[in-house]
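Listed here are the chains, written in short residue letters.
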Amino acid sequence: MAVIVVALAGWLAWPRRPAEPVPRDKIRYGYLPIASDASFFVALERGFFSQQGLDVEPIKFEASNQALEAVVAGRIDATAVVALEAAFSLEGNTPGQFKIIEMTAATAQTKVQRIIVKRDSPIQTLADLRGKKIGTFPGSQMVVFLKLILGRFFDAEKEVEITQLKPPLQPQALESGQVDALFCLEPTGTMLEERGLARTISMNPLYEFIQKPFPTAAGIVSTQLANDKPDVVRKIEAALRSAHEFIRRQPIDAALVLPKYAPIEINLAPKVAVYDYWDLHSIDRDSVQRLADLYAAKGVLTKRISTTSLYAKLPK
């Protein structure tokens with residue numbers, strides 16, 4: 001017995017090698033500084049990526065087109081939701097570069113996008129915007145959206161001037177009269193209305209005037225990542241799904257994450273609206289194809305594309 005005790009004591013005292021850390025999959029992940037990318041911000045800040053064994057490096061871009069270019073060039077592996085029109089255009093010009101893993105959509109209750117004017121502006125309706133200057137978020141999608149909306153009232157190709165402005169420049173542009181109206185995304189609309197500087201003349205115009213529901217943007221991974229590391233893509237999708245559920249169940253807590261990544265004042269964050277999120281398996285794929293067909297019919301896309309193959313396939 002004494003021998004056993006001595007042996008056990010010696011074993012316990014023997015310096016042991018620390019356990020090897022579990023390797024984590026490193027992902028370079030693009031995002032835009034807008035409320036629509038809330039699912040990515042929540043997945044990052046609430047630890048949903050980490051829980052899946054992912055080490056995510058967030059990389060900021062100013063426009064969807066820039067983020068997509070980085071995916072194609074191999075500088076990033078994935079991006080939070082980017083303009084669907086830009087993604088469609090990429091697919092039409094250079095097929096097979098990405099796979100969709102989540103989407104946002106404008107539905108009946110959406111308050112993310114709106115058209116606003118100065119509080120004392122004589123402009124009352126969208127028809128009143130004929131001949132005016134309108135500012136909007138940089139990138140081709142917002143310009144396309146605006147032309148589709150205003151095309152219901154007049155010739156938007158000829159009878160309106162559209163200026164692309166980064167979000168920090170939009171309030172000053174409206175207040176100074178540089179533009180007569182803004183077609184803006186959150187948080188700009190809420191911020192200016194809360195300050196008493198603007199009023200809305202059209203809330204949720206994509207849904208109201210173009211298509212119901214209206215798919216707006218997609219979170220994507222590179223096709224290379226999808227092919228080479230499908231299990232990593234499965235983990236990313238699972239983390240985002242957890243973020244979607246968190247946003248639905250705890251919208252205020254989710255909103256408080258936004259100021260870290262987007263120009264949103266902390267006191268306004270709980271009032272900022274976000275789009276509805278579609279998980280990979282709940283995407284309304286018929287609506288996505290209808291929108292792609294509309295873009296082709298309107299000349300937004302140079303040719304019709306099939307969206308069937310654009311979705312990631314997850315391993316079991």
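Check the entry above for the structure.
Criteria and cut-off values
Residues numbered from 1 in each chain as written. Predicted model: local features only at pLDDT ≥ 70, side-chain atom pairs only at ≥ 80, totals over all residues. Heavy atoms only, no water. Helix = DSSP H or I, 4+ residues; strand = E, 2+ residues; numbered from the N terminus. Buried < 20%, exposed > 50% of the residue type's maximum accessible area, 1.4 Å probe, protein only. Contact = heavy atoms within 4.5 Å. Areas by Shrake-Rupley, 256 points an atom, 1.4 Å probe, with all protein chains shown as cover. Axes fitted to C-alpha atoms, helices over the stretch in contact; angles between N-to-C directions. Parallel < 35°, antiparallel > 145°, perpendicular 65-115°, else oblique. Nonpolar A, V, L, I, M, F, W, Y, C, P; charged D, E, K, R; others polar. Phe/Tyr/Trp six-rings, centres within 6.5 Å; stacked < 30°, edge-to-face > 60°. Pairing = 2+ DSSP bridges. Patch = residues over 30% accessible without salt bridge, like charges linked within 9 Å, V, L, I, M, F, W, Y side chains within 5 Å. Salt bridge = Lys/Arg side-chain N within 4 Å of Asp/Glu carboxyl O. Arc of directions from axis to C-beta. Core = buried A, V, L, I, M, F, W, Y, C linked by side-chain atoms within 4.5 Å.

Visitor: Would you mind showing me how to read the overall build of the chain here?
Guide: In terms of helices and strands, the chain carries 13 helices and eleven strands. In the chain, buried positions account for 53% of the 316 residues. Counted over contacts in the chain with a minimum sequence separation of 6, partners at least 24 positions apart contribute 78%. Total accessible area on the chain stands at roughly 15000 Å², and carbon and sulfur atoms take up 51% of it.

Visitor: So what exactly am I meant to see when it comes to the packing of helix α2 (residues 38-45) against helix α11 (residues 230-249) here?
Guide: Helix packing geometry: the angle between the two helix axes and the distance between the axes. At their nearest, the axes of α2 and α11 sit 8 Å apart, and the two run at 105 degrees to each other. Between α2 and α11, the angle is such that the two are roughly perpendicular. Counted together, A38, S39, F40, V42 and A43 of α2 and A239, L240, A243, H244, F246 and I247 of α11 form the full contact between these two elements. Across the contact of α2 with α11, the residue classes break down as nine nonpolar, two polar and no charged.

Visitor: Explanation requested: the packing of aromatic side chains in the structure shown.
Guide: We describe a pair of aromatic rings using the distance from one ring centre to the other and the angle between the two ring planes. In total, this model carries twelve aromatic pairs according to the counting rule given. For the pair Y29 and F49, a centre-to-centre distance of 5.5 Å together with 45 degrees between the ring planes defines the contact as tilted. Linking Y29 in strand β1 (residues 25-31) with F49 in helix α3 (residues 48-51), this pair joins segments that are 20 residues apart in sequence. Ring plane angle 55 degrees and centroid distance 5.8 Å describe the contact between F40 and F49, whose orientation is recorded as tilted. Residue F40 is classed as buried on the basis of its relative accessible area of 0%. Joined through ring pairs, the aromatic side chains of Y29, Y31, F40, F41, F49 and Y261 make up one cluster.

Visitor: I keep staring at the sheet that holds strand β7 (residues 161-164) and nothing clicks. Help me out?
Guide: Sheet strands pair by backbone hydrogen bonding; their relative direction is either parallel or antiparallel. Taken in spatial order, the five strands make up an open sheet running β7-β6-β8-β5-β9, and their pairing is mixed. Of all the strands in the sheet, just β7 and β9 (198-203) have a single pairing partner and so form its edges. Between one strand axis and the next, the sheet turns by 30 degrees as a mean value, whatever way the strands run. In terms of strand pairing, strand β6 (residues 133-136) meets β7 through four bridges, oriented parallel. Of the residues in β7, the one forming a bridge with K133 is E161. Set on the sheet, helix α6 (residues 140-150) makes contact with β5 (113-118), β6, β7 and β8 (181-185); between it and β8 the angle comes to about 125 degrees.

Visitor: Explain a nonpolar patch on the surface here, please?
Guide: Judged by side-chain polarity, I252, L256 and I266 come together as a nonpolar surface patch covering roughly 280 Å² of accessible area. Position of I252 relative to the elements: it lies in helix α12 (residues 251-255).

Visitor: Looking at this structure, I do not really get helix α4 (residues 64-73). What am I missing?
Guide: Since one α-helical turn is 3.6 residues long, residues separated by three or four positions face the same way. For α4, the full list of buried residues reads S64, A67, L68, A70 and V71. Looking down the long axis of α4, one finds its buried residues gathered within 155 degrees of arc, a one-sided arrangement. Looking at the packing, one finds that the buried side of α4 touches β3 (78-83), α5 (84-93) and β10 (214-222). Where α4 terminates, the next one or two residues include G74, which has phi positive at roughly 80 degrees.

Visitor: What should I look at first to understand the nonpolar core in this one?
Guide: If you look at soluble globular proteins, the nonpolar side chains tend to sit buried side by side. Among the nonpolar cores identified, the biggest contains 98 residues, and Y29, F49, L129, L150 and I236 are the most heavily contacted of them. With eight residues, α11 is the single largest residue contributor to this core. Dropping the residues within four chain positions of it, L150 is found in contact with L126, L129, I134, A156 and V160.

Visitor: I would appreciate a short explanation of the environment of L258 in the present structure.
Guide: Along the chain, the position of L258 falls in the loop between α12 and β11 (276-279). With relative accessibility at 2%, the residue L258 sits in the buried group. Sequence-wise, L258 and R285 are 27 residues apart; in three dimensions their C-alpha atoms are separated by 28 Å.

Keep in mind that these numbers describe shape and distance, not what the molecule does.
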